[in-house]
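Tertiary structure, described
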Amino acid sequence: MITLKDKILKLKKEKNAVILAHYYQDAEIQEIADYVGDSLGLSQEATKVEAEIIVFAGVHFMAETAKILNPTKKVILPDLEAGCSLAASCPPHLFKEFIESHPNHIVITYVNCSAQIKSLSDIVCTSSNALKIVESIPKNTPIIFAPDKNLGKYIIQKTGREMLLWDGSCVVHEAFSLDKLIELHKKHPDAKIIAHPESETHILETASYVGSTSGMINYVKSSPSDKFIVATEAGILYKMHQEVPNKVLIPAPSQEDNTCACSECGFMKMNTLQKVYDCLLNEAPEVTVSEEIRMKALIPIERMLELS
């Protein structure tokens, strides 16, 4: 019997396409991807693509970044409505006014933002390299950091730098419940808590390790501990289980969980295996970026990649 997975792999070969997927995608999508990674890894991988079509199994801003780096490639997204609460929290017209009202600041934006926001930036960062990027800026240079206030607060705490923060956040990473996390840790006192820096400060303060999705995976691989409570989007557990099959991985509880006891991004989960097949078959929906925005956004992305 020919499965949907078989059809996708056949079609991918016929169309000379490559599938890039984020760690937060469903396991069945990660299984068929040519590359699975975090925002930095996906950005770096996008610069190496030789295929004619890029299927980006992630959210809209990620596909935009791939298009910015690959203007001659066709970039398609399984579901065009797969957005991002963090990116949506930073409207371009308001951010432009914010920048203009604070002149002489270096503008550092987290990659989880629209192409328009990137085009207004001096340099882009990811959670993997944010500390390095901020520390590369001269200490007497004032910084605007957007859109994630939680990541910004974490960087301020780690570096001692003063930064002007945009008031944006990720609803998934703000959904973790401290009370439930403490109760869970009481049941598993031998577990190490690891967290993504998009989480709120009170969650990060409980963690033995704070880092990007790829950083968290590397941490559980290298740590002598064999049990972890993981505070990020639950899709990462699939890759973690592959890397450390003999370790116990427990998703951190969210404030409203009554079912899966974890936090999931509804936007990430909008992509399905059927939608991956359909978008490959129809070569749509296509993600486009105007050349004017693309050229402006390319500069801060390339600065990030050079520093990474």
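Keep in mind it's a predicted model, so treat the numbers as computed, not measured. (Residues numbered from 1 in each chain as written. Predicted model: local features only at pLDDT ≥ 70, side-chain atom pairs only at ≥ 80, totals over all residues. Heavy atoms only, no water.)

**A few points about the nonpolar core**
- Formed by 98 residues in total, the largest nonpolar core has its most connected members in Phe56, Ile108, Ile236 and Met240.
- In this structure Met240 touches Ile194, Met216, Ile217, Val220, Val230 and Leu249, once residues within four positions along its chain are discounted.
- Core analysis: the next-biggest nonpolar cluster, separate from the first, contains ten residues, Phe98, Ile99, Ile117 and Trp166 among them. (Core = buried A, V, L, I, M, F, W, Y, C linked by side-chain atoms within 4.5 Å. Buried < 20%, exposed > 50% of the residue type's maximum accessible area, 1.4 Å probe, protein only. Contact = heavy atoms within 4.5 Å.)

**Thoughts on the sheet that holds strand 11 (residues 227-231)**
- Spatially, the four strands line up as an open sheet ordered 10-9-11-12, and their pairing is parallel. Two strands bound the open sheet, and with one partner strand each, they are strand 10 (209-210) and strand 12 (248-251).
- Sheet analysis places strand 9 (residues 192-195) next to strand 10, joined by two bridges and oriented parallel. Along strand 10, the bridge assignment pairs Ile194 with Tyr209.
- Across the face of the sheet, helix 12 (residues 213-222) comes into contact with strand 9, strand 10 and strand 11 while running at roughly 160 degrees to strand 9.
- Sheet strands touched by helix 13 (residues 236-243): strand 9, strand 11 and strand 12. Its angle to strand 12, the strand with the most contacts, is close to 170 degrees. (Pairing = 2+ DSSP bridges. Helix = DSSP H or I, 4+ residues; strand = E, 2+ residues; numbered from the N terminus. Axes fitted to C-alpha atoms, helices over the stretch in contact; angles between N-to-C directions.)

**With respect to unusual backbone geometry**
- Here the amide bond leading from Ala146 into Pro147 is cis, since omega sits at -5 degrees, within 30 degrees of zero.
- Looking at the secondary structure, you find Pro147 in the loop between strand 7 (143-146) and helix 9 (149-159).
- The omega angle of the peptide bond from Ala284 to Pro285 is 5 degrees, so this bond is cis rather than trans.
- With respect to the helices and strands, the residue Pro285 is situated in the loop between helix 14 (273-282) and helix 15 (291-307).
- Of note in this structure, Asn16 is not a glycine but carries a positive phi near 55 degrees.
- Of note in this structure, Asn104 is not a glycine but carries a positive phi near 70 degrees.
- Turning to its location among the elements, Asn104 is positioned in the loop between helix 6 (92-100) and strand 5 (106-110).

**Thoughts on helix 4 (residues 60-69)**
- By the criterion of burial, helix 4 is predominantly enclosed, with nine of the ten residues buried.
- Buried residues in helix 4 make contact with strand 1 (17-22), helix 3 (39-46), strand 3 (53-57), strand 4 (74-76), helix 7 (115-119) and helix 15.

**Here we look at the packing of aromatic side chains**
- Applying the stated criterion across every chain yields a total of five aromatic pairs.
- Ring plane angle 20 degrees and centroid distance 6.4 Å describe the contact between Phe95 and Phe98, whose orientation is recorded as stacked. With Phe95 and Phe98 both in helix 6 and three residues apart, this pair spans about one turn of that helix. In this structure, Phe95 and Phe98 share a single accessibility class: buried.
- Ring geometry for Tyr209 and Tyr219: centres 4.6 Å apart, planes at 10 degrees, overall stacked. Here Tyr219 lies in helix 12 and Tyr209 lies in strand 10, a separation of ten residues in the sequence.
- Looking at Tyr209, the relative accessible area reads 23%, which means it is partly exposed.
- An aromatic cluster is present here, built from Phe95, Phe98 and Trp166 joined pairwise through their rings. (Phe/Tyr/Trp six-rings, centres within 6.5 Å; stacked < 30°, edge-to-face > 60°.)

**Side note on the sheet that holds strand 5**
- Strand order in the open sheet formed by four strands is 6-5-7-8, and the pairing between neighbours is parallel. The sheet terminates laterally at strand 6 (123-125) and strand 8 (163-165), the two strands that pair on one side only. Here the average twist between neighbouring strands, direction ignored, is 30 degrees.
- Note that strand 7 and strand 8 share three bridges and pair parallel. What sits directly across from Phe145, in strand 8, is Leu165.
- With respect to the sheet, helix 6 is in contact with strand 5, strand 7 and strand 8, its orientation differing from that of strand 7 by roughly 165 degrees.
- Sitting on the sheet, helix 9 is in contact with strand 5, strand 7 and strand 8, with an inclination near 165 degrees to strand 8.

Distances and angles like these do not, on their own, reveal function.
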